[in-house]
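Listed below, chain by chain, are the residues.
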Amino acid sequence: FKTKISNEYKRILLKNEHVDQILCLLSSSICYWIWINCSDCYHVTKSDICMTPVPKSILNNDTLKKLSSNLLNDLEKHKIIKLINRGGERREESQYNLSKSKDLIDQIDLELAKHFDLSEEEIYFMINYDSQNRIMKN
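The text that follows walks through the structure, step by step, so that each part is easy to find. The structure displayed is predicted, hence computed values, not measured ones. (Residues numbered from 1 in each chain as written. Predicted model: local features only at pLDDT ≥ 70, side-chain atom pairs only at ≥ 80, totals over all residues. Heavy atoms only, no water.)

## What to know about the environment of Ile80
Definition in use: Elements are defined by DSSP. Helices are runs of H or I of four residues or more, strands are runs of E of two residues or more, and each kind is numbered from the N terminus. Residue burial is assigned from relative accessible area. The probe radius is 1.4 Å, only protein chains are included, and a residue is buried under 20% of its type maximum, exposed over 50%, and partly exposed in between. Contact definition: two residues touch when any of their heavy atoms are within 4.5 Å.
Looking at where Ile80 falls in the secondary structure, it is placed in strand S1 (residues 80-86). Using a relative accessible area of 46% as the deciding quantity, one classes Ile80 as partly exposed. For the pair formed by Ile80 and Tyr96, sequence separation is 16 residues and the distance between their alpha carbons is 6.6 Å. Ignoring any residue separated from it by four or fewer positions in sequence, one finds Ile80 in contact with Glu93, Ser94 and Gln95.

What follows is the structure, encoded as structure tokens:
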């Protein structure tokens, strides 16, 4: 997200002109695959983000800029707002369901695959990796 939506989220400092491309990268199946293979598979930490390779060629990619905007709009469109009790206080919490945006994430993956020089077989693997667990239909 481009804005802080919770105290659990930490800020990543980026040049404004690279925010959309990095948002796409961090939302991609490629990043998910790296995270699932190199992390505790529960938390997303600064070191997890820093280990994700960033091809310089993505930093000026206009297609990723558009896909970033589309993804954020789609996530907002499908979010569910729930009322929760925390510490005796009742408040709203937004829940985002990435499975509803799978088609956009696939488009992001296809665009990023060009920059990671992935073969068709590798692209297919990335897009479908762990889909039975990642893309649960609600």
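Text resumes after the structure shown.
## A closer look at unusual backbone geometry
With a phi close to 55°, Asp117 is a non-glycine residue in the positive phi region. With respect to the element layout, Asp117 can be found in the loop between helix H5 (102-116) and helix H6 (120-128).

## Topic: helix H1 (residues 19-27)
Given 3.6 residues per helical turn, the α-helix brings residues three or four places apart onto the same face. Turning to H1, its buried residues number three or more, namely Asp20, Gln21, Ile22, Leu23, Cys24 and Leu25. Check the buried side of H1 and you find it contacts helix H2 (29-38), helix H4 (62-78) and H5.

## Here's the deal with the nonpolar core
To keep things clear, this is the line we draw: To define a nonpolar core, start from buried Ala, Val, Leu, Ile, Met, Phe, Trp, Tyr and Cys residues and group those joined through side-chain atoms within 4.5 Å.
With 18 residues, the main nonpolar core has Ile58, Leu64, Leu67, Leu71, Ile108 and Leu112 as its most contacted residues. Where this core is concerned, the elements lending two or more residues are H1, H2, H4 and H5. Per element, the largest residue contribution to this core is five residues, and it comes from H4. The contact partners of Leu64, leaving out residues within four places of it in the chain, are Asp20, Gln21, Cys24, Ile58, Ile108, Glu111 and Leu112.

## Let's talk about the packing of aromatic side chains
So the rule is basically this: Working definition: a ring pair exists when centres of Phe, Tyr or Trp rings (six-membered ring for Trp) sit within 6.5 Å. Plane angles under 30 degrees give stacked, over 60 give edge-to-face, the rest tilted.
Tallying each qualifying case throughout the model produces three aromatic pairs. Plain terms: the ring middles of Tyr32 and Trp35 are 6.1 Å apart, the flat faces sit at 40° to each other, and that makes the pair tilted. Remark: Trp35 and Tyr32 occur in helix H2; sequence separation between them is three residues, near one turn of the helix. Summarising the burial analysis for this pair, Tyr32 and Trp35 share the class buried. Taken together, a centroid distance of 5.3 Å and an interplanar angle of 50° make the contact between Phe125 and Tyr129 tilted. What makes Phe125 partly exposed here is its relative accessible area of 41%. Among the aromatic residues, those joined into a cluster by ring pairs are Tyr32, Trp35, Phe125 and Tyr129.

## Overview of the pattern of salt bridges
Keep this limit in mind: Criterion for a salt bridge: a side-chain nitrogen of Lys or Arg within 4 Å of a carboxyl oxygen of Asp or Glu.
Under the definition given, this model contains five salt bridges. Residue Glu93 pairs with Arg86 through a salt bridge whose shortest N-O separation is 3.3 Å. For Arg86, a relative accessible area of 45% gives the class partly exposed. Linking Asp106 and Lys102 is a salt bridge whose minimum nitrogen-to-oxygen distance equals 2.5 Å. Here the residue Asp106 and the residue Lys102 both occupy positions in helix H5, the gap between them amounting to four residues, near one helical turn.

## Regarding H4
Applicable threshold: Expected span of a helix, by definition, is 1.5 Å for each gap between consecutive residues, and there is one gap fewer than residues. It is the directions from the helix axis to the C-beta atoms that the arc portrays.
End to end, H4 covers 25 Å across 17 residues, agreeing with the expected 24 Å (1.5 Å per residue, within 8%). For H4, the complete set of buried residues consists of Leu64, Leu67, Ser68, Leu71, Leu72, Asp74 and Leu75. Projected onto a plane normal to the axis of H4, the buried residues spread over an arc of 165° and lie on a single side. Exposed and oriented more than 90 degrees from the buried face of H4 are Asp62, Lys66, Asn73 and Lys77. Considering only its buried residues, H4 is in contact with H1 and H5.

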